[in-house]
Amino acid sequence: MANNALSLFESYVDTYQTAGAYRTLATCCLSDTDYDGALQNLELALSDTLIFQAPDLVASIREQLSVVYAAIDKKSESDYNRNIYLDLQERTRQDQRLEARAAQLEHSVTQLNRLLVAVVLVLFIFAGIIVVFYYHRKKSLRNDHNQELDERREELDEQMTLTRLQLQQEKRINVEQRAKLSLINAITPLIDRMIHEIKLLDKCDGENKENRINY
């Protein structure tokens, strides 16, 4: 069945499914203790560099390579593939954390945008109220209330000015928040990666540790 699936996927020119079929064949060989067959299929699964765009698939292949090499007593090759597998797993977890953070930040930006829209709507409503009130009070000028109306209009103009200043401040805060979010998105992956590498130093010694420090 696995061989049939492999033939179909190759005819469809489906790189990812083809690599998955090779991986399945390797699992079958491994269960039959055919380590050479398993190794050959896993190497074929990694032969197309396009699959490196799918880190989860590559990680599962590297994991099986580690098992196969361990079964044939090739510890260095087994450790090499196991380290790549663990590194890919850690990178995937980091990507998931970054996606979660990005979603949170996007939610915050959405809330800020909603607040800005609300302020603008309030400003328009307030402006409409002022216009209505202004025309209503204009009619009252005929009844010798010019002075009182002028004082009221000045008060409303002051309130309008304060509202505009508040809107400008909200816009500035929104821009600052966006800049902070952009900075966080830019620097967080580097910091997480450095923390991860520092943790790995405790598990290394000798030349490996020196190489890890240089990395």
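Just above sits the structure.
Residues numbered from 1 in each chain as written. Predicted model: local features only at pLDDT ≥ 70, side-chain atom pairs only at ≥ 80, totals over all residues. Heavy atoms only, no water.

So, the overall build of the protein chain
Secondary structure assignment for the protein chain yields 7 helices and 0 strands. Scanning the protein chain from its N terminus toward the C terminus, one meets helices and strands in the order α-α-α-α-α-α-α. Whereas a compact globule of 215 residues would reach a radius of gyration of roughly 17 Å, the protein chain reaches 33 Å, over 25% beyond that. By its C-alpha atoms, the protein chain is 105 × 50 × 20 Å across when sized along the principal axes. Buried positions account for 28% of the 215 residues belonging to the protein chain. Sequence-distant contacts, at least 24 apart, represent 51% of the contacts inside the protein chain between residues at least 6 apart. (Helix = DSSP H or I, 4+ residues; strand = E, 2+ residues; numbered from the N terminus. Rg over C-alpha atoms; globule rule 2.2 N^0.38 Å. Buried < 20%, exposed > 50% of the residue type's maximum accessible area, 1.4 Å probe, protein only. Contact = heavy atoms within 4.5 Å.)

Some details on the nonpolar core
Ranked by internal contacts, the top residues of the largest apolar core, which has 23 residues, are Leu-42, Leu-46, Ile-51, Ile-61 and Leu-65. Residue contributions to this core peak at 7 residues, all from helix α4 (residues 55–71). Excluding anything up to four places from it in sequence, Leu-65 contacts Leu-39, Leu-42, Leu-46 and Asn-81. Listed in part, the 5 residues of the second largest apolar core include Leu-123, Ile-130, Met-160 and Leu-167. (Core = buried A, V, L, I, M, F, W, Y, C linked by side-chain atoms within 4.5 Å.)

Topic: the packing of aromatic side chains
Taken as a whole, this structure holds 1 aromatic pair when the rule is applied. Judged by centre distance (5.6 Å) and plane angle (75 degrees), the rings of Tyr-134 and Tyr-135 are edge-to-face. (Phe/Tyr/Trp six-rings, centres within 6.5 Å; stacked < 30°, edge-to-face > 60°.)

So, a negative patch on the surface
Together, Glu-151, Glu-154, Asp-157 and Glu-158 make up a negatively charged patch on the protein surface. Examined against the element boundaries, Glu-151 turns out to sit in helix α6 (residues 146–201). (Patch = residues over 30% accessible without salt bridge, like charges linked within 9 Å, V, L, I, M, F, W, Y side chains within 5 Å. Areas by Shrake-Rupley, 256 points an atom, 1.4 Å probe, with all protein chains shown as cover. Salt bridge = Lys/Arg side-chain N within 4 Å of Asp/Glu carboxyl O. Lys, Arg positive; Asp, Glu negative; His and termini not counted. Charge placed at Lys NZ, Arg CZ, Asp CG, Glu CD.)

Thoughts on unusual backbone geometry
A positive phi angle, close to 55 degrees, is found at Val-13, a residue other than glycine. Along the chain, Val-13 turns up in the loop between α1 (2–12) and α2 (15–31). The class for Val-13 is exposed, based on a relative accessible area of 69%.

Examining α2
Given a rise of 1.5 Å per residue, 17 residues ought to cover 24 Å, and the 25 Å separating the end C-alpha atoms of α2 matches this to within 8%. For α2, the full list of buried residues reads Thr-15, Thr-18, Ala-19, Gly-20, Ala-21, Tyr-22, Leu-25, Ala-26 and Cys-29. Packed against the buried residues of α2 are α1, α3 (35–45) and α4. At the C-terminal side of α2, Thr-33 shows a positive phi close to 55 degrees. (Expected span 1.5 Å × (residues − 1).)

Topic: the side chain of Gln-64
When you line up the elements, Gln-64 lands in helix α4. Other than its neighbours up to four places away in sequence, Gln-64 contacts Arg-23, Ala-26, Thr-27 and Leu-42.

A closer look at the packing of α3 against α4
Running from N to C, α3 and α4 point in directions that differ by 155 degrees, and their axes come no closer than 10 Å. One finds that α3 runs roughly antiparallel with respect to α4. Relative to α4, the crossing made by α3 is left-handed. Residue-level inspection shows Tyr-35, Ala-38, Leu-39, Leu-42, Glu-43 and Ala-45 of α3 in contact with α4, the latter providing Ile-61, Gln-64, Leu-65, Val-68, Tyr-69 and Ala-71. Taken together, the residues that form the contact of α3 with α4 break down as 10 nonpolar, 1 polar and 1 charged. (Axes fitted to C-alpha atoms, helices over the stretch in contact; angles between N-to-C directions. Parallel < 35°, antiparallel > 145°, perpendicular 65-115°, else oblique. Left-handed = near helix turned anticlockwise from the far one by under 90°. Nonpolar A, V, L, I, M, F, W, Y, C, P; charged D, E, K, R; others polar.)

Regarding α3
Residue pairs spaced three or four apart in an α-helix point in one direction, given the helix's 3.6 residues per turn. Of the residues making up α3, those classed as buried are Gly-37, Ala-38, Leu-39, Asn-41, Leu-42 and Ala-45. The inward-facing, buried residues of α3 contact α2 and α4.

Some details on a nonpolar patch on the surface
There is a patch of nonpolar side chains on the surface, built from Val-117, Leu-121, Ile-125 and Ile-129 and spanning about 380 Å² of accessible area. Note that Ile-125 resides in helix α5 (residues 75–140).

Section: the environment of Ala-38
Residue position: Ala-38 is located in helix α3. A relative accessible area of 0% means that Ala-38 is categorised as buried. A C-alpha to C-alpha distance of 9.9 Å links Ala-38 and Tyr-69, two positions 31 residues apart in sequence. Once you skip the residues sitting within four places of it in the chain, Ala-38 turns out to touch Ala-26, Cys-29, Leu-30 and Val-68.

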